Amino acid sequence: MPISAARAATATALSFHDVLSDDGTRLRAWTNDPDGLIEGPTVVLCNGLGTSPWTWPALLRPGCGVRVVSWNHRGTGGSERPRDPDRVGIEEFVEDGLSVMDHFGIDRAVLMGWSMGVNTMFELAVEHPHRVAGLFAVAGVPGDTFSTMLGPLRVPRFAARALTVNLSRVMKLTGKALTPIASRLPVGTRTVAVLSHTGFMFSMPDPELTAVAIGEFLKTPVDWYFHLALRTSEHGRVSLSRITVPVELVGGTYDILSGTRHMMTAAEKVQDGTYVELRGSHFIQMEQPERVHQLLLDFLARVEQERVA
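Residues numbered from 1 in each chain as written. Predicted model: local features only at pLDDT ≥ 70, side-chain atom pairs only at ≥ 80, totals over all residues. Heavy atoms only, no water.

### Describing the pattern of salt bridges
Scanning the model with the defined rule gives 20 salt bridges in all. Linking Arg74 and Asp96 is a salt bridge whose minimum nitrogen-to-oxygen distance equals 2.8 Å. Of this pair, Arg74 sits in the loop between strand 4 (67–71) and helix 2 (90–103) while Asp96 sits in helix 2, and the two are 22 residues apart along the sequence. As far as burial versus exposure is concerned, Arg74 and Asp96 are alike and both buried. Here Glu234 makes a salt bridge to Arg231, at a shortest N to O gap of 2.4 Å. A relative accessible area of 54% means that Glu234 is categorised as exposed. Accessibility expressed as a relative area gives 16% for Arg231, which makes it buried. (Salt bridge = Lys/Arg side-chain N within 4 Å of Asp/Glu carboxyl O. Helix = DSSP H or I, 4+ residues; strand = E, 2+ residues; numbered from the N terminus. Buried < 20%, exposed > 50% of the residue type's maximum accessible area, 1.4 Å probe, protein only.)

Encoded structure:
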């Protein structure tokens, strides 16, 4: 299937909405239930930094059984940059998530996070526990993310943080020069095939949709993306003792952006936590969409069972 056809085939599964956050920033929110026909539970997705709906193929399929509501980060995917460019940290993302929930009339829901979105959902759960029924984390940790990067390489936390933060600073400084190149890169199934042999990501069952996701990601100016990354790197570890809802963390064994051993430790520290490790990378929900989706459905059933118990 050509890339344009892959995008068109999933476009009907999405609708986009403009939402104002508390500071007046206009956000581009989206849902996989444009006609209000999904009868399953609602999940609020705190997505990976600068990523799009196309990074979740299982959620775009008819009959997925889950109504998803999410939004694009500030300055990405049609969302505005805030008047104050520094208002792009995890605290602001929490405000954005609450604004999106209010827009869609969601009082309380299970939150799902991927990558840096895991920081957002844990912070939201700590600061606004009455809005959260459960936490489903994919390839992400509850705070201090940069110190957990390079996990498979066994780099000490302090060194991992120093390396990744300084690399982000360099990328921000050089980003204006790199953006014209990155935004014009030809992205297709061959690109996906090459990336799947690097160890950064593995083989994808839907390379056409993966190419759409990569193409959307590359639309964000490089300097702005790493400005976002640096601001989110300031988010420290969340107090897990304050988490009282069910939690499941799903890690990829070879994830170099979110350390699996830190995810496993986090699951052990929460009151009602479980950890599942799959053989994959940071992009595990794209590499094994059916497996991750089944884990989500099982978790939603567990949350409901505990609610009625």
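### Notes on a nonpolar patch on the surface
A contiguous nonpolar surface patch, about 260 Å² in accessible area, is contributed by Leu178, Ile181 and Leu185. For Ile181, the location among the structural elements is in helix 4 (residues 157–182). (Patch = residues over 30% accessible without salt bridge, like charges linked within 9 Å, V, L, I, M, F, W, Y side chains within 5 Å. Areas by Shrake-Rupley, 256 points an atom, 1.4 Å probe, with all protein chains shown as cover.)

### Considerations on the packing of helix 4 against helix 7 (residues 222–232)
Direction vectors running N to C along helix 4 and helix 7 enclose 160 degrees, while the axes themselves pass 6 Å from each other. Taken together, the axes of helix 4 and helix 7 are roughly antiparallel relative to one another. When helix 4 is examined against helix 7, the residues Val165, Ser168, Arg169, Met171, Lys172, Gly175, Lys176, Leu178, Thr179 and Ala182 are found in contact with a partner set consisting of Val222, Asp223, Phe226, His227 and Leu230. (Axes fitted to C-alpha atoms, helices over the stretch in contact; angles between N-to-C directions. Parallel < 35°, antiparallel > 145°, perpendicular 65-115°, else oblique. Contact = heavy atoms within 4.5 Å.)

### Comments concerning the sheet that holds strand 4
What the eight strands build is an open sheet, ordered 1-2-4-3-5-6-7-8; its pairing is mixed. Both outer strands of the open sheet, strand 1 (15–20) and strand 8 (273–278), are each paired with one neighbouring strand and no more. In this sheet, adjacent strand axes meet at a mean angle of 25 degrees when their direction is disregarded. Two elements, strand 7 (residues 247–252) and strand 8, share six bridges in a ladder whose sense is parallel. In the sheet register, Gly252 faces strand 8, and the bridge partner there is Leu278. Sheet strands touched by helix 10 (residues 289–308): strand 3 (42–46), strand 5 (109–114), strand 6 (132–138), strand 7 and strand 8. Its angle to strand 6, the strand with the most contacts, is close to 160 degrees. (Pairing = 2+ DSSP bridges.)

### As for the state of the cysteines
As enumerated under the stated definition, the model contains zero disulfides in all. Free of any disulfide, Cys46 has its nearest neighbouring cysteine sulfur in Cys64, separated by 17 Å. (Disulfide = S-S within 2.5 Å.)

### Observations regarding the packing of aromatic side chains
Between two aromatic rings, the relevant description is the distance of the centres plus the angle of the planes. Throughout the structure, instances matching the rule amount to seven aromatic pairs. Here the aromatic rings of Phe136 and Phe299 are separated by 5.7 Å at their centres, their planes lie at 40 degrees, and the arrangement is tilted. Here Phe136, found in strand 6, pairs with Phe299, found in helix 10; they are 163 residues apart in sequence, far enough to count as distant. Each member of the pair, Phe136 as well as Phe299, carries the same accessibility label: buried. Measuring from ring centre to ring centre gives 5.1 Å for Phe217 and Tyr225, while their planes differ by 75 degrees; the resulting arrangement is edge-to-face. Its relative accessible area of 29% is what places Phe217 among the partly exposed residues. A connected cluster of aromatic rings, assembled from ring pairs, spans Trp56, Trp114, Phe200 and Phe283. (Phe/Tyr/Trp six-rings, centres within 6.5 Å; stacked < 30°, edge-to-face > 60°.)

### Some details on the pairing of strand 3
Along strand 3, four of the five residues are buried, which leaves the element largely enclosed by surrounding structure. As paired strands, strand 3 and strand 5 are joined by four bridges and run parallel to one another. Paired with Val43 across the two strands is Val110, which belongs to strand 5.

### Observations regarding helix 6 (residues 207–217)
With eight of its eleven residues buried, helix 6 lies for the most part within the structure. Restricting attention to buried positions, one finds in helix 6 the residues Glu208, Leu209, Thr210, Ala211, Val212, Ala213, Ile214 and Glu216.

### Comments concerning the packing of helix 2 against helix 3 (residues 116–127)
Viewed as axis vectors pointing N to C, helix 2 and helix 3 meet at an angle of 70 degrees, and their least axial separation amounts to 9 Å. In terms of axis orientation, helix 2 runs roughly perpendicular to helix 3. Note on element contacts: helix 3 touches helix 2 through Met116, Asn119, Thr120, Glu123 and Leu124, opposite Ile90, Phe93, Val94 and Leu98. Of the residues that constitute the contact of helix 2 with helix 3, the class distribution is six nonpolar, two polar and one charged. (Nonpolar A, V, L, I, M, F, W, Y, C, P; charged D, E, K, R; others polar.)

### Topic: the environment of Leu195
Among the secondary structure elements, Leu195 is positioned in helix 5 (residues 189–195). Discounting residues that sit within four places of it in the chain, Leu195 has contacts with Met201 and Ile214.

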